[in-house]
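What follows is the residue order along each chain.
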Amino acid sequence: MLILLTGGSACGKSTYGEKLAVQGPKPLYYIAAMQPYDEECLKKIARHRALRWDKGFETIERYTAVDTLELPKTGGTALLECLCNLTANEMYIQPETPVDPVEKVVAGVENLRRQTDTLIVVTNDVGSDDEDYSEETRAYIRYLGEINARVAAMADRVYELVAGIPICLKGETV
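Thresholds applied
Residues numbered from 1 in each chain as written. Predicted model: local features only at pLDDT ≥ 70, side-chain atom pairs only at ≥ 80, totals over all residues. Heavy atoms only, no water. Phe/Tyr/Trp six-rings, centres within 6.5 Å; stacked < 30°, edge-to-face > 60°. Helix = DSSP H or I, 4+ residues; strand = E, 2+ residues; numbered from the N terminus. Buried < 20%, exposed > 50% of the residue type's maximum accessible area, 1.4 Å probe, protein only. Pairing = 2+ DSSP bridges. Axes fitted to C-alpha atoms, helices over the stretch in contact; angles between N-to-C directions. Contact = heavy atoms within 4.5 Å. Salt bridge = Lys/Arg side-chain N within 4 Å of Asp/Glu carboxyl O. Patch = residues over 30% accessible without salt bridge, like charges linked within 9 Å, V, L, I, M, F, W, Y side chains within 5 Å. Areas by Shrake-Rupley, 256 points an atom, 1.4 Å probe, with all protein chains shown as cover. Core = buried A, V, L, I, M, F, W, Y, C linked by side-chain atoms within 4.5 Å.

Enquirer: Residues and numbers for the packing of aromatic side chains, please.
Expert: Under the criterion given, the structure shown has two aromatic pairs. Measuring from ring centre to ring centre gives 5.7 Å for Tyr16 and Tyr159, while their planes differ by 75°; the resulting arrangement is edge-to-face. Taken together, the positions of Tyr16 in helix α1 (residues 13–23) and Tyr159 in strand β6 (residues 157–162) put the pair 143 residues apart, joining distant regions of the chain. Across the pair, exposure class does not vary: Tyr16 and Tyr159 are buried alike. Centroid distance Tyr30 to Phe57: 5.9 Å. Interplanar angle 85°. Geometry classified as edge-to-face. Highlighted residues: Tyr30 in strand β2 (residues 28–32) and Phe57 in strand β3 (residues 57–61), separated in sequence by 27 residues.

Enquirer: Any chance you could break down the sheet that holds strand β7 (residues 165–170) for me, citing the residues and the numbers?
Expert: Taken in spatial order, the seven strands make up an open sheet running β3-β2-β4-β5-β1-β6-β7, and their pairing is mixed. Looking along the sheet, the strands with just one partner apiece sit at the ends: β3 and β7. Within this sheet the neighbouring strands show an average axis-to-axis angle of 20°, counted without direction. Strand direction decides the pairing type here: strand β1 (residues 2–7) and strand β5 (residues 118–122), joined by four bridges, are parallel. Counted as the bridge partner of Leu5 is Val122 from β5. Docked against the sheet, α1 engages β1, β2, β3, β4 (77–81), β5, β6 and β7, running at close to 160° with respect to β1. Across the sheet, helix α2 (residues 39–52) is in contact with β2, β3 and β4; its angle to β3 comes to roughly 160°.

Enquirer: Break down the pattern of salt bridges for me, with residues and values.
Expert: Taken as a whole and assessed by the stated rule, the structure comprises nine salt bridges. Across the pair Lys55 and Glu18 runs a salt bridge whose closest N-O atoms are separated by 2.9 Å. Taken together, the positions of Lys55 in the loop between α2 and β3 and Glu18 in helix α1 put the pair 37 residues apart, joining distant regions of the chain. We classify Lys55 as partly exposed; its relative accessible area is 31%. Here Glu18 falls in the buried class, since its relative accessible area comes to 2%. The salt bridge partner of Arg142 is Glu135, with a shortest N-O separation of 3.2 Å. Classification of Glu135 by relative accessible area gives partly exposed; the value is 45%.

Enquirer: Would you mind going over a nonpolar patch on the surface in detail, with residue names and values included?
Expert: Taken together, the side chains of Val162, Ile165, Ile167 and Leu169 make up a nonpolar region of the molecular surface, amounting to roughly 350 Å² of accessible area. Sorting elements by how many residues they give to the nonpolar patch places β7 first, with three residues. Residue placement: Ile167 occurs in strand β7.

Enquirer: Just give me the short version of the nonpolar core, but keep the residues and values in it.
Expert: Within the largest apolar cluster, 47 residues are counted, with the highest numbers of intra-cluster contacts made by Leu5, Leu80, Leu83 and Val109. Among the elements that take part in this core, helix α5 (residues 135–154) stands out by supplying seven residues, more than any other. Here Leu5 is in contact with Lys13, Tyr16, Gly17, Leu20, Ile120, Val121, Val122, Thr123, Tyr159 and Leu161, once residues within four sequence places are set aside.

The structure is reproduced here in structure tokens:
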């Protein structure tokens, strides 16, 4: 089962993802893709850790190359948080050989899906505004938009969260 959670910033995606994950088969994995660059990132990471500390997750920090990640045990439930950070990391953490961030991130989702019974993936809705961004930001939005579309096509269920309320876009409502 692949579940994609999308929506705007701070709309409840992570909270809902954790709620779904703890209802799924064990073991529980939290794949954290946010690389802590500054104090703000560290605060956000600390808040997320505090929210899930007693829920039974094994946290795996993986900023890039999720396509090669091997989970300690197969089966169970993984929560990948989030495609936004993973995409940016694949774009800006320069590997020895440049990679296509779309293919790399989608391959990472496919890799985790093969290893789990349930995979929950969090992302942000991008591209719906009409701002005049730099070319670099527009590239990021294009990449993440394509990743979101491809993962949504693969997903069994897709939810958009609005003010903490999940709206089912694809599949059965939970």
